[in-house]
Amino acid sequence: EAAMTIRRPVQSMRGHMYFGLDLPVFVNRSSETFSLGEHSHDFVEISYVYEGKGFHYVDDRVIPVGKGDLFYIPVGISHVFRPSNADGKEPLIVYNCIFALELLDRIIESHSILLPAERTVALDEIRASTTLLQVGGQKTADAGKIMLRLHQEYAMRQEGRGLMIVANVIQLLLTLVRSLNDGGGEHPA
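Keep in mind it's a predicted model, so treat the numbers as computed, not measured.

K.L.:
Help me out: how do you make sense of the pattern of salt bridges in this one?
P.N.:
Working definition: two side chains of opposite charge can pair if their charged atoms are close together. On inspection of all chains with the given rule, the structure shows two salt bridges. In this structure, the salt-bridge partner of D22 is R161, at a minimum N-O distance of 3.8 Å. Remark: R161 occurs in helix α4 (residues 161-181) and D22 occurs in the loop between β1 (11-13) and β2 (25-31); sequence separation between them is 139 residues. Residue classification places D22 among the exposed positions, given a relative accessible area of 62%. Salt-bridge contacts for D105 lead to R127; the nearest nitrogen and oxygen are separated by 2.5 Å. You can see D105 sitting in helix α1 (residues 101-114) and its partner R127 sitting in helix α2 (residues 121-128), a full 22 residues away along the chain.

If you want it as structure tokens, here you go:
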């Protein structure tokens, strides 16, 4: 007798719903609840757990999460964050930076043109990743600071905003690369 797998319905999110005409990036701070359904998307997402504890449901896996966990979620991965409980007494606060895959392509291309001697193969590897990447612990302190600056820059809408946002996205990606290279990251099975 074959085991039956029940798949939850997965919403597909599209970047054009979040991106402005000027910048294919969206940054938010979310107090996670049980209202958002499991979803996949046509954009890249970097999420940072700023406060609290909970769970990250990724495809058919459940990953416990806590303050300082950093995730790189490639295009097409089904996921959702959930707090530990529904009463709201211990909120799960997550910062999210979503951006179009084309922006990552442009970052990689400009990096190889501007600094050819410092070509970072790891950015290419992240771009090619089809699995969730996770980093936790002390290695993510810098990522938390970058994510806060990124969120503030996104919200302020000052002159030069686009360049500052892209600079922070690059810093976030390189912090992720360094953390993965230092052995602090994993590809959850």
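K.L.:
Honestly, α4 in this entry has me stumped. Any pointers?
P.N.:
Look at α4: 30 Å from first C-alpha to last across 21 residues, which is about the 30 Å you get at 1.5 Å a residue. Considered for burial, the residues of α4 that qualify are R161, I165, N168, V169, L172, L173, T175, L176, V177 and S179.

K.L.:
Looking at this structure, I do not really get helix α3 (residues 141-156). What am I missing?
P.N.:
Quick reminder: α-helices carry 3.6 residues per turn. Residues three or four places apart thus point the same way. Between the first and last C-alpha of α3 there are 23 Å, a value that for 16 residues agrees with the 22 Å anticipated at 1.5 Å per step. Within α3, the full set of buried residues consists of A143, G144, I146, M147, L150, E153 and Y154. In the core, the buried residues of α3 are packed alongside β2, β4 (44-51), β7 (70-73), β9 (93-99) and α4. Immediately downstream of α3, the backbone of R157 shows phi near 55 degrees, a positive value.

K.L.:
Can you walk me through the side chain of S30 in this structure?
P.N.:
Residue placement: S30 occurs in strand β2. For S30, a relative accessible area of 18% corresponds to the buried category. Polar contacts involving the side chain of S30 include one to the side chain of E32, which spans 3.4 Å. Apart from the residues within four sequence positions on either side, S30 is in contact with L92, I93, V94 and N96.

K.L.:
Just to check I follow, could you spell out the confidence of the model for the chain for this structure?
P.N.:
Low pLDDT marks stretches whose predicted atomic positions should not be read closely. When pLDDT is averaged along the chain, the result is 85; 86% of the residues meet or exceed 70. The model gives residues 3-7 a pLDDT under 50, and that stretch makes three contacts with residues more than four places away or in other chains.

K.L.:
Teacher, can you tell me more about the nonpolar core here?
P.N.:
The nonpolar side chains of a soluble globular protein tend to be buried with one another. Y72, C97, F99 and L173 are the most contacted members of the largest nonpolar core, which has 33 residues in total. Of all the elements, α4 adds the most residues to this core, at six residues. What C97 contacts, discounting residues up to four positions off in sequence, is V25, F26, V27, V44, E45, I46, M147, L150, V169 and L172. Formed by 11 residues, the second largest nonpolar core is a distinct cluster that contains V58, V65, I77 and L132.

Cut-offs applied
Residues numbered from 1 in each chain as written. Predicted model: local features only at pLDDT ≥ 70, side-chain atom pairs only at ≥ 80, totals over all residues. Heavy atoms only, no water. Salt bridge = Lys/Arg side-chain N within 4 Å of Asp/Glu carboxyl O. Helix = DSSP H or I, 4+ residues; strand = E, 2+ residues; numbered from the N terminus. Buried < 20%, exposed > 50% of the residue type's maximum accessible area, 1.4 Å probe, protein only. Expected span 1.5 Å × (residues − 1). Contact = heavy atoms within 4.5 Å. Polar contact = N/O pair within 3.5 Å; in protein donor to acceptor, adjacent residues only side chain to side chain. pLDDT = per-residue confidence, 0-100. Core = buried A, V, L, I, M, F, W, Y, C linked by side-chain atoms within 4.5 Å.

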